Structure formats: C-alpha cells, structure tokens
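# Understanding the architecture of this molecule
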Amino acid sequence: MIIRRYRRSDLDNIAVLEKRAFTVGPYSKRYLKTVLEYPGSISMVAQINSSICGYLVALPLDERSIDIESIATDPDCRGLGIAKRMISMLINWACNEYENIILEVRDKNTEAISLYLKMGFEIIEFLNGYYHESYRGSKNAYRMKRNCKEKTA
C-alpha cells in the first residue's frame, strides 16, 4: 500500500469509493472535486496495486488549524490500517504548518471515534443536529481536535 498525493485522474475512482464507503450522505462528485482541488488543501489517496482504497482531504480553517473534511476507506479494504496511515501522513504534513487538526464525526460512528482517540484527538464539542441525515438514529456529531505538539499513539 502506498499513500500519495491526490491527482485529478483519481476523481472518478474516489467518487465511486465515496458512495461505497458512505451509505448515508455521500458527497457528490462535483463537491469532491471542489474540496480535493481546493487551494491549500491536503488531499491524499491510499492505493493498493492499481486500486484506490481510501482518501483523505483536509482544508485550512485559518492560520492555526486545518480541518479533515472527509476520510473514507473502501469497505473491501477495511481492517488494513488505511485510515490510520492516512491520518499519520496528514499529521506529518499538516503539523509543519498548523497547530491543530480539527474534524467532525457522527456521534454514533464509534469505530471512527475510537481511531481518532487513539491518534491523539480529543472531543472538544458536541454538535446537536449537525448532519442533515440520520446515521444509526442520530444527526449529532462531535468536534474533535488534535494538537500538533502531541505525539501520535
């Protein structure tokens, strides 16, 4: 597996992955293009052989913080440590320029929350009704933050 920067030629495959990874509220191809190619974004893909198995995109919020807009792993590739490797790569890249990495995660997405906690993120805010569509019976989210000065687990 390699983690590399996003290329425009990856967009079609990422749009397919997005629909496979998110059964509720997947982003449109148009929106994915916007965020993946946004100036200052950190956009990466995880590739196994010739297949894209995951992607991550983070957008600058301000001079001190960058926000993980989206991270996804293809269901067929889960359990291989792809998300952990992409987050580690983001930490290495982003923490040279930013003080904090922020993300929002559905409050019922216990698998993702567990990973983020292991990667040094902490819950800093509960967001009531943050999402438009329910996931596991909830529209709520947590905002999580990782201070770049802290070590990764």
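Presented here is a report on the structure given in the accompanying data block. Model, not experiment: these values are computed from the prediction.

About the thresholds
- Within each chain, residue numbers correspond to sequence positions counted from 1 in written order.
- Restriction of local features to residues with pLDDT of at least 70 applies here, the model being predicted, together with a cutoff of 80 or more for giving and counting side-chain atom pairs; totals for whole chains, interfaces and linings are based on all residues.
- Processing note: side-chain calculations cover all non-hydrogen atoms of the structure and skip hydrogens and water entirely.
- We count a stretch as a helix when DSSP gives it H or I for four or more residues in a row; a strand needs E for two or more, and each element gets its number in order from the N terminus.
- Each residue's exposure class comes from its accessible area (1.4 Å probe, protein chains only) as a fraction of the maximum for that residue type: buried when under 20%, exposed when over 50%, partly exposed otherwise.
- DSSP bridges decide pairing: two strands pair if at least two such bridges lie between them.
- For every element, the axis is a line fit to its C-alpha atoms; helices are fit only across the contacting stretch, and the angle between N-to-C directions ranges from 0 to 180 degrees.
- What counts as a salt bridge is simple: a side-chain nitrogen of Lys or Arg found within 4 Å of a carboxyl oxygen of Asp or Glu.
- When two cysteine sulfur atoms are found within 2.5 Å, that pair is recorded as a disulfide.
- Among buried residues, the Ala, Val, Leu, Ile, Met, Phe, Trp, Tyr and Cys ones that are joined through side-chain atoms within 4.5 Å form a nonpolar core.
- By the convention used here, residues are in contact when the closest approach between their heavy atoms is within 4.5 Å.
- What a helix should span is 1.5 Å times the count of its residues minus one.

Note: most residues except glycine have negative phi, and most peptide bonds are trans. Unusually for a residue other than glycine, Asn-49 sits at a positive phi of about 55 degrees. Among the secondary structure elements, Asn-49 is positioned in the loop between strand E2 (42-48) and strand E3 (51-60). For Asn-49, a relative accessible area of 72% corresponds to the exposed category. With a phi angle near 50 degrees, Arg-136 is a residue other than glycine that sits in the positive phi range.

Let's shift gears to the sheet that holds E3. One open sheet accounts for seven strands, arranged E1-E2-E3-E4-E5-E7-E6; its pairing is mixed. The sheet terminates laterally at strand E1 (2-5) and strand E6 (122-127), the two strands that pair on one side only. The mean angle between the axes of side-by-side strands here comes to 25 degrees, regardless of whether they run parallel or antiparallel. Judged from the five bridges that link them, E6 and strand E7 (residues 141-147) form a sheet pairing that is antiparallel. Note on E7: the bridge partner recorded for Glu-125 is Arg-143.

A separate point is the pattern of salt bridges. By the definition in use, this model includes ten salt bridges. In this structure, the salt-bridge partner of Glu-111 is Arg-136, at a minimum N-O distance of 3.2 Å. Of this pair, Glu-111 sits in helix H4 (residues 110-118) while Arg-136 sits in the loop between E6 and E7; the two residues are 25 residues apart in sequence, bridging distant segments of the chain. For the salt bridge of Arg-143 with Glu-125, the shortest nitrogen-to-oxygen distance reads 2.8 Å. Placement of the pair is Arg-143 in strand E7 and Glu-125 in strand E6, with a sequence separation of 18 residues. Salt bridges here are not isolated pairs; linked through shared partners, they connect Arg-8, Lys-33 and Glu-37.

The next point concerns the state of the cysteines. Here a disulfide denotes one covalent bond, and it connects the sulfur atoms of two cysteines. Counted by the stated rule, this structure contains one disulfide. The disulfide partner of Cys-95 is Cys-148, and the gap between their sulfur atoms is 2.1 Å. Since a negative S-S torsion denotes a left-handed disulfide, the Cys-95-Cys-148 link at about -70 degrees is left-handed. On the criterion of sequence distance, the pair formed by Cys-95 in the loop between helix H3 (82-94) and strand E5 (100-106) and Cys-148 in the segment after E7 is long-range, its members being 53 residues apart.

On to the nonpolar core. The biggest cluster of nonpolar side chains holds 30 residues, and the ones touching the most others in it are Leu-56, Ile-87, Leu-90, Ile-101, Tyr-116 and Phe-121. Mapped by element, the contributors of at least two residues to this core are E2, E3, strand E4 (65-73), H3, E5 and H4. Counting residues per element, this core draws most heavily on H3, at seven residues. Contacts of Leu-90, omitting those with residues within four sequence positions, involve Ile-42, Met-44, Leu-56, Ala-58, Ile-68, Cys-95 and Ile-101. By size, the runner-up hydrophobic cluster in this structure holds 15 residues, among which are Ile-14, Tyr-55, Val-57 and Leu-59.

Residue placement: Asp-74 occurs in the loop between E4 and H3. With residues up to four places along the chain from it excluded, the contact list for Asp-74 reads Leu-17, Arg-20 and Cys-53.

Since there are 3.6 residues in each turn of an α-helix, residues three or four apart along the chain are aligned in direction. Here H3 is 13 residues long and its end C-alpha atoms lie 18 Å apart, about the 18 Å a rise of 1.5 Å per residue gives. Regarding H3, the residues found buried are Ile-82, Ala-83, Met-86, Ile-87, Leu-90, Ile-91 and Ala-94.

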